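Overview (structure and organization)
Listed below are the residues making up each chain.
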Amino acid sequence: RKCYSKLMLRLELPKGSWLNAEVRTDGGLWKSCGKVVGKEYDVASLPIAVNRCDKFEIRLKGKGPCTILSMLREFRVGSDV
């Protein structure tokens, strides 16, 4: 029984840009889970914690240019009980 424990976004944001991430699990309410503000084209990491669920959705909002370089999903193996 695998379940996702964390998502990690790597982003490239120029100065003046920002990005806000929200997550929703199993059709519930949207919850804010992090904000990143750009600084001189630095690469920033945004960890997103996900509770145990059957389905999750991510919504990204922001201002200015943004490049999503990668998205990493970490999972853990639980018991069958």
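Small disclaimer: the values here were computed from a predicted structure and weren't measured.

Here is what the cut-offs are and how they apply
Residues numbered from 1 in each chain as written. Predicted model: local features only at pLDDT ≥ 70, side-chain atom pairs only at ≥ 80, totals over all residues. Heavy atoms only, no water. Salt bridge = Lys/Arg side-chain N within 4 Å of Asp/Glu carboxyl O. Helix = DSSP H or I, 4+ residues; strand = E, 2+ residues; numbered from the N terminus. Buried < 20%, exposed > 50% of the residue type's maximum accessible area, 1.4 Å probe, protein only. Core = buried A, V, L, I, M, F, W, Y, C linked by side-chain atoms within 4.5 Å.

Applying the stated criterion across every chain yields a total of two salt bridges. The shortest N-O distance in the salt bridge between Arg59 and Glu22 comes to 2.7 Å. Residue Arg59 is located in strand 5 (residues 56–63), and its partner Glu22 is located in strand 2 (residues 18–25); the two are separated by 37 residues in the primary sequence. For Glu22, a relative accessible area of 13% corresponds to the buried category. For Arg24, the salt bridge goes to Glu57, with nearest N and O atoms at 3.1 Å. Highlighted residues: Arg24 in strand 2 and Glu57 in strand 5, separated in sequence by 33 residues.

On to the nonpolar core, then. Residues Leu7, Leu9, Leu11, Leu13, Leu19, Ala21, Val23, Val36, Leu46, Ile48 and Val50 constitute the largest nonpolar core, which totals 11 residues. Elements with a contribution of two residues or more to this core: strand 1 (2–13), strand 2 and strand 4 (42–49).

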